[in-house]
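Residue-level structural notes
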Amino acid sequence: MPEFKILANIIDFMEVNGATAKVVTFEVDQKLADEINLKHGTNYSIADLEKAVDKCVANEWVAHRGLGEKYKYLGITTKGVGAARSRARAEEIKASRTWLKKVSDYIEDHKG
């Protein structure tokens, strides 16, 4: 889902630059699309990212920080930081399962 990739990209920027969520703003443009596609090996268009940002705004993960265009002056909220970190942690746990646990989970998911 591009929503969590956008949020993760913002968090990475915050950590590299030592900035807080209240200070960082971003916009949906070709530069953002190129960063996300390069980092995650995806092929999202600007339109895909705009739809993802709409979902993020609806979930209150991203908020408008200024007046102007719809996809400019956006900032991540504390709720968005929590959602992104929670998702990243869940993926880490899922990836670090043993093969026996993976088989067990597969059987559990597909039993009828």
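Quick caveat: nothing in here was measured; it's all calculated off a predicted structure.

All chains considered together, the criterion is met by 11 salt bridges. Here Glu69 ties to Lys72 by a salt bridge, and the two come within 3.8 Å at their closest N and O atoms. According to the relative accessible area criterion, Glu69 is exposed, its value standing at 52%. Through salt bridges with shared partners, a single ionic network connects Arg97, Lys101 and Asp105.

Moving on: unusual backbone geometry. Glycine aside, negative phi is the norm for most residues, and most peptide bonds take the trans geometry. Even without a glycine there, the phi angle at Glu60 is positive, about 65°. Topologically, Glu60 is positioned in the loop between helix H3 (46–58) and strand E1 (62–64). Phi is positive for Tyr73, close to 55°, though the residue is something other than glycine. Locating Tyr73 in the fold gives a position in the loop between E1 and strand E2 (74–76).

Quick look at the confidence of the model for the protein now. Of all residues in the protein, 99% attain a pLDDT of 70 or more, and the chain-wide mean is 93. No element of the protein has a lower mean pLDDT than helix H5 (residues 99–110), which averages 90, and none a higher one than H3, which averages 96.

Here is a general trend for soluble globular proteins: nonpolar side chains tend to be buried in one another's company. Counting 26 residues, the largest nonpolar core has Ile6, Leu7, Phe26, Leu49 and Ile76 as its most contacted members. Of all the elements in the fold, those that place two or more residues in this core are helix H1 (2–17), helix H2 (30–40), H3, E2 and helix H4 (78–95). Examining the composition of this core, we find that six residues originate from one element, H1, more than from any other. Setting aside residues no more than four positions away along its own chain, Leu7 makes contact with Cys56, Trp61, Val62, Ile76, Gly80 and Ala84.

Moving on to H4. In this model, H4 (18 residues) spans 26 Å end to end at C-alpha, consistent with the 26 Å of a helix rising 1.5 Å per residue. Three or more residues of H4 are buried, namely Gly80, Val81, Ala83 and Ala84. Around the axis of H4, the buried residues are gathered within 165° of arc, so they sit on the same side. On its buried side, H4 packs onto H1 and E2.

With respect to the helices, strands and loops of the structure, Leu67 is situated in the loop between E1 and E2. Through-space distance from the C-alpha of Leu67 to that of Ile10 is 20 Å; in sequence the pair is 57 residues apart.

Moving on, we come to the side chain of Asn9. You can see Asn9 is positioned in helix H1. Accessibility expressed as a relative area gives 8% for Asn9, which makes it buried. Sequence-distant contacts of Asn9, that is, excluding residues within four places in its chain, are made with Leu32, Glu35, Ile36 and Lys39.

The rules behind each value
- Residues numbered from 1 in each chain as written.
- Predicted model: local features only at pLDDT ≥ 70, side-chain atom pairs only at ≥ 80, totals over all residues.
- Heavy atoms only, no water.
- Salt bridge = Lys/Arg side-chain N within 4 Å of Asp/Glu carboxyl O.
- Buried < 20%, exposed > 50% of the residue type's maximum accessible area, 1.4 Å probe, protein only.
- Helix = DSSP H or I, 4+ residues; strand = E, 2+ residues; numbered from the N terminus.
- pLDDT = per-residue confidence, 0-100.
- Core = buried A, V, L, I, M, F, W, Y, C linked by side-chain atoms within 4.5 Å.
- Contact = heavy atoms within 4.5 Å.
- Expected span 1.5 Å × (residues − 1).
- Arc of directions from axis to C-beta.

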